[in-house]
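Close look at the chain arrangement
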Amino acid sequence: MAERQTVDARGAFCPGPLMELIAALKLASVGDEVEVLSSDKGSVNDIPAWVAKVGHQFVGSTELDGYWSVVVKKAK
Amino acid sequence: MSKTILIVGGGLAGTIVANGLCRQLGAQLRSGAVSITMLGASDTHMYQPGLLYVPFGRMREHELFREQSRVLDRRIHYYVDPAKNVDVEKKQVSTESGRTFKYDYLVLATGSRIMPQSIPGMQEAAHWFYDLEGARKLRDALNNFQGGKIVVNINAPHKCPVAPVEFTLMLHEFLEGKGIRDKCEITYTYPIGRLHSLEPVAHWAGPVFEKLGIKSEIFFNTESVDPIGKTITSMEGSVMPFDLLVTIPPHEGAAVISESGLGKGGWVPTNTKTLHREGSDDIFVVGDTTNIPISKAGSTAHFEADVLIDNLASLVQEGRWAREYDGKAFCFIETGFSTGTYVWFNYQTPPTVAPPSQMLHWFKLAYNRLYWLSARGLL
């Protein structure tokens, strides 16, 4: 059964939201979703761009109270 | 009634915590009110950052090691008997030899390990310096190397995030010293869209790499390595030939963590400030073992350990909390064989890179010796 996990990378200078997402996707199963919380607005563009390159699925992003939630589904 | 503090893991984080607790809980240890037990995997303690120097012949193997019994305070009950299962309900840890240890407070310091076997072909074709055997093989490969394409390939997640940059700059100087730099092409690959996860380090490294003729490819996450065709392929679709592949393999946490159901991949969900395991007030997590989204590095482990020592000692002695971890990390960065710099940051303060200097390089060399004072809880 598909799972959803949240990686709270708000305020993380190193390794940062995209690196945390890459690490989380390696441990996830196909169909699982990973939600990344990021205080870096750049994640809203960086993450979908990388996800498209490697063939995962960008589910969506939402602006919350001073941070962004970006959700990705592991597709392969 | 006597309180038992059980520390699982005998690396940097566990050792600093154990020795630091001994310094603060002297009276309780003397009276028998507290006992400290540590479970580790080896009777030797390795200074892991020293592995960076081994491939270049700049640190001898024996300089990396001390007997763990000489590093640890004598009041610590140390067992070379790795944990096999952690049972948080029964508050006990069982070991590979079949012993069972009960605890009142548990410190998880099981660290991380490289997983080259998780990428097809990597173990067969690549070199690395993140363990002693790998560093030895890389030393031999570099000594025999006469020219060609070298790929320095970084994978996520990995510990000691500045080490790949340090290695690349030291490699450039090594090849120059050998008189073959003009016969070599160095290409550095990185998983995200810049040269380093720390933005100021990435901005600093860009022009330095360009000046030194070091090529780079960003958004490169290794999918496979072909040991026969000598190519490395990324998930992003890039294929790169190599004559020598130096990789920072992806890391995972300890198997005992995932097998005990304490965290996927061996990373334990941890409160970013208190360092408690999420949902437990008697279990602390320190060093690479946490899932806190900050650098997995020796300095992080050290600063976390300092906070943990104060809190655990305060809890035992006074039943109160001392302070919170602020996310502090500090990393020296070797920028070659004769200059160095550093970067530091915490949860609130963005990182900055100091101008490289000879003095900072000497400071790093001095710290390579001073580390043993840190491990003993003196520095």
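Values in this document were obtained by computation on a predicted structure and should not be read as measured data.

A short note on the overall build of chain B
Assigned secondary structure in chain B consists of 10 helices and 22 strands. Over its C-alpha trace chain B gives a radius of gyration of 21 Å, about what one expects of a compact globule, namely 21 Å for 379 residues. The dimensions of chain B, computed from C-alpha atoms along their principal axes, are 70 × 40 × 40 Å. Here chain B, with 379 residues, has 57% of them falling under the buried criterion. Total accessible area computed for chain B in this model is approximately 15500 Å², and 50% of it derives from carbon and sulfur atoms.

As for the domain arrangement of chain B
All names here are of chain B. Looking at chain B, the domain boundaries give domain 1 (3–111 + 254–329) and domain 2 (116–250). On a C-alpha basis, the centres of domain 1 and domain 2 stand 31 Å from each other. On the side of domain 2, 19 residues touch domain 1, which itself brings 15 residues to the contact. Buried area between domain 1 and domain 2, both sides added, is near 1500 Å², and the carbon and sulfur share of it is 71%. With a shortest N-O distance of 2.8 Å, Arg 136 and Glu 61 are connected by a salt bridge. If you look at where domain 1 meets domain 2, you find 4 residue pairs in polar contact (both at pLDDT 80 or more). Each residue belonging to the side of domain 1 that touches domain 2 can be placed in one class, and the counts come to 10 nonpolar, 2 polar and 3 charged.

Quick look at the interface of chain B and chain A
Contact with chain B, which involves 30 residues of that partner, is made by 22 residues of chain A. Together chain B and chain A conceal approximately 2000 Å² of surface at their shared face, both sides included; 66% is due to carbon and sulfur atoms. Where chain B touches chain A, the interface holds 1 salt bridge. A salt bridge links Glu 3 of chain A to Lys 264 of chain B; the shortest N-O distance between them is 3.6 Å. Residue composition of the side of chain B that touches chain A, grouped by class: 17 nonpolar, 9 polar and 4 charged.

Here we look at the side chain of Gln 28 of chain B
Within the element layout of this structure, Gln 28 of chain B appears in helix H2 (residues 26–31). Taking the relative accessible area as the measure of exposure, Gln 28 of chain B reaches 19% and is therefore buried.

A word on helix H5 (residues 132–144) of chain B
Residue and element names in this part refer to chain B. Across its 13 residues, H5 extends 19 Å between first and last C-alpha, which sits within 8% of the 18 Å expected from 1.5 Å per residue. Those residues of H5 lying buried are Leu 132, Gly 134, Ala 135, Leu 138, Ala 141 and Leu 142. For H5, the elements touching its buried residues are strand S4 (65–67), helix H6 (163–178) and strand S17 (244–248).

Points about the nonpolar core
Of all hydrophobic cores here, the largest spans 74 residues; its most connected members are Leu 21 and Trp 50 of chain A together with Phe 129, Phe 167, Leu 171 and Leu 175 of chain B. The leading source of residues in this core is H6 of chain B, at 8 residues. Looking at this core, you find at least three residues from each of domain 1 (3–111 + 254–329) and domain 2 (116–250) of chain B. Ignoring any residue separated from it by four or fewer positions in sequence, one finds Trp 50 of chain A in contact with Leu 18, Leu 21, Ile 22, Leu 25 and His 56 of chain A together with Pro 191, Phe 219, Asn 221 and Glu 236 of chain B.

What to know about the pairing of strand S2 (residues 34–40) of chain B
Residue and element names in this part refer to chain B. Within S2, 6 of the 7 residues are buried, which leaves it mostly tucked inside the rest of the structure. Pairing geometry for strand S1 (residues 3–8) and S2, over 6 bridges, is parallel. Bridging from a neighbouring strand, Lys 3 pairs with Val 34 of S2. With 4 bridges connecting them, S2 and strand S5 (residues 77–80) associate as parallel partners. Each bridged residue has a counterpart across the sheet, and for Leu 39 the counterpart in S5 is Tyr 79.

Rules used in this analysis
- Residues numbered from 1 in each chain as written.
- Chains lettered and ligands numbered in written order.
- Predicted model: local features only at pLDDT ≥ 70, side-chain atom pairs only at ≥ 80, totals over all residues.
- Heavy atoms only, no water.
- Helix = DSSP H or I, 4+ residues; strand = E, 2+ residues; numbered from the N terminus.
- Rg over C-alpha atoms; globule rule 2.2 N^0.38 Å.
- Buried < 20%, exposed > 50% of the residue type's maximum accessible area, 1.4 Å probe, protein only.
- Areas by Shrake-Rupley, 256 points an atom, 1.4 Å probe, with all protein chains shown as cover.
- Domains from an automatic or database assignment.
- Contact = heavy atoms within 4.5 Å.
- Buried area = accessible area lost by both parts, 1.4 Å probe.
- Salt bridge = Lys/Arg side-chain N within 4 Å of Asp/Glu carboxyl O.
- Polar contact = N/O pair within 3.5 Å; in protein donor to acceptor, adjacent residues only side chain to side chain.
- Nonpolar A, V, L, I, M, F, W, Y, C, P; charged D, E, K, R; others polar.
- Expected span 1.5 Å × (residues − 1).
- Core = buried A, V, L, I, M, F, W, Y, C linked by side-chain atoms within 4.5 Å.
- Pairing = 2+ DSSP bridges.

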